[in-house]
Amino acid sequence: MIHEVLSRFPREETYLIEILRAIIDAHPSHVITEAQMKEVASYLNITQSKVSSTVSFYSLLSDTPKGKYVIQVCRDVPCYVSDSTSIVSTLESLLAIKIGQTTYDGLFTLEFVSCLGCCDHAPAMRINSTTYSDLTPTKVKAIIHGLREAKP
Ligand code: FES
């Protein structure tokens, strides 16, 4: 898988984040392994520490296995004043997990993230690469129900 992903990108460091995102998107647990980071470093002719520090810095990247659906709830002020607290409590109740945890079936991971860029439509969350805005507890329940129904 890693070689197929790498072959889609030029050997230029400016593509580092795009490459890392592509690897995460291709992995069922949304994770980048140590071996993959080493491959990326070699491909781009940069240090492995540059790759691992990039993975650590960006919330979309991770070296820890996550659920099939990674739910990231915005915790910044515009979302907070638009009652993101009720969005978090709805998700925690529906999924029976707390922020930072993954459901027992490996389907959902719940975490906080900084601004998702749609503050005018707060509160917001992102699930994998899809952003949802103008959230209400009812809307959240429908989204989670839809994802559970889509489970293979
Ligand atoms: S503050 Fe939540 S999307 Fe910007």
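Residues numbered from 1 in each chain as written. Predicted model: local features only at pLDDT ≥ 70, side-chain atom pairs only at ≥ 80, totals over all residues.

A short note on the overall build of the protein chain
The cut-off we apply is this: Strands here are runs of E lasting at least two residues and helices are runs of H or I lasting at least four, both read from the DSSP assignment and numbered beginning at the N terminus. What counts as a contact here is a pair of residues whose C-beta atoms, placed from the backbone, lie within 7 Å.
For the protein chain, the count of helices and strands is seven helices and four strands. Going from the N terminus to the C terminus, the protein chain shows its helices and strands as α-α-α-α-β-α-α-β-β-β-α. For the protein chain, the C-alpha atoms occupy an extent of roughly 50 × 35 × 25 Å along the three principal directions. At a minimum sequence separation of 6, the contacts of the protein chain that also span at least 24 residues come to 56%.

What to know about the packing of helix α3 (residues 34-44) against helix α4 (residues 48-57)
We count it as follows: A fitted line through C-alpha atoms serves as each axis, taken over the contacting stretch for helices, and the angle formed by two N-to-C directions is quoted from 0 to 180°. In this scheme, roughly parallel covers angles under 35 degrees and roughly antiparallel covers those over 145, while 65 to 115 is roughly perpendicular and the rest are oblique. Here is the rule for handedness: rotate from the far helix to the near one, and if that takes an anticlockwise turn smaller than a right angle the crossing is left-handed, while a clockwise turn gives right-handed. Three residue categories are used. Nonpolar comprises Ala, Val, Leu, Ile, Met, Phe, Trp, Tyr, Cys and Pro, charged comprises Asp, Glu, Lys and Arg, and polar comprises the others, including Gly.
Where α3 contacts α4, the axes come no closer than 8 Å and their chain directions differ by 120°. Here α3 lies oblique to α4, going by the angle between them. α4 is crossed by α3, and the crossing has right-handed handedness. Between α3 and α4, the contacting residues are Met-37, Lys-38, Val-40 and Ala-41 on the first element and Gln-48, Lys-50, Val-51, Ser-52 and Val-55 on the second. Classifying every residue of the contact of α3 with α4 gives five nonpolar, two polar and two charged.

Focus: unusual backbone geometry
Put simply, the rule reads: The burial label depends on the number of other C-beta atoms within 10 Å of a residue's C-beta. Counts of 20 or more mean buried, 12 or fewer mean exposed, and intermediate counts mean partly exposed, with C-beta atoms placed from the backbone.
In this structure, the amide linkage connecting Ala-122 to the following residue, Pro-123, adopts the cis form with an omega of 0°. A positive phi angle, near 75°, is found at Asp-83, a position not held by glycine. Residue placement: Asp-83 occurs in the loop between α5 (77-81) and α6 (84-95). Exposure remark for Asp-83: the 15 C-beta atoms within 10 Å place this residue in the partly exposed category. Located in the positive-phi region is Asp-134, a residue other than glycine, with phi close to 50°.

Quick word on the nonpolar core
Applicable threshold: Each nonpolar core comprises buried Ala, Val, Leu, Ile, Met, Phe, Trp, Tyr and Cys residues, the members being joined through C-beta atoms within 7 Å.
Within the largest apolar cluster, 18 residues are counted, with the highest numbers of intra-cluster contacts made by Ile-71, Val-73, Cys-74, Ile-87, Leu-91, Ala-124 and Met-125. Of all the elements in the fold, those that place two or more residues in this core are β1 (69-74), α6 and β2 (108-113). At five residues, β1 tops the list of elements feeding residues into this core. Each residue touching Met-125, except ones within four places of it in the same chain, is listed here: Ile-71, Gln-72, Val-73, Cys-74, Ile-87, Tyr-132 and Leu-135. Counting residues in each nonpolar core, the second largest holds eleven residues, with Val-5, Ile-23, Ile-32 and Leu-44 among its members.

Things to note about the domain arrangement of the protein chain
Counted only if it meets this: Reported domain spans reflect what an automatic or database domain assignment gives.
Taken domain by domain, the protein chain consists of domain 1 (2-57) and domain 2 (69-149). A separation of 27 Å is found between the C-alpha centroids of domain 1 and domain 2.

As for the environment of Gln-101
Following the sequence through the fold, Gln-101 ends up in the loop between α6 and β2. Taking the C-beta count within 10 Å as the criterion, Gln-101 has 15 such neighbours and is therefore assigned partly exposed.

Quick word on α6
Here is the rule we go by: Expected span, for any helix, means 1.5 Å times one less than how many residues it has. This arc describes the spread of directions from the helix axis toward the C-beta atoms.
Spanning twelve residues, α6 covers 16 Å between terminal C-alpha atoms, matching the ideal 16 Å at 1.5 Å per step. Residues Ser-84, Ile-87, Val-88, Leu-91 and Leu-95 constitute the buried set of α6. Summarising the axial view, the buried residues of α6 lie within an arc of 95°, below the 170-degree limit, and thus occupy one face. Looking at the buried side of α6, the elements it contacts are β1, α5, β2, β3 (125-127) and α7 (137-149).

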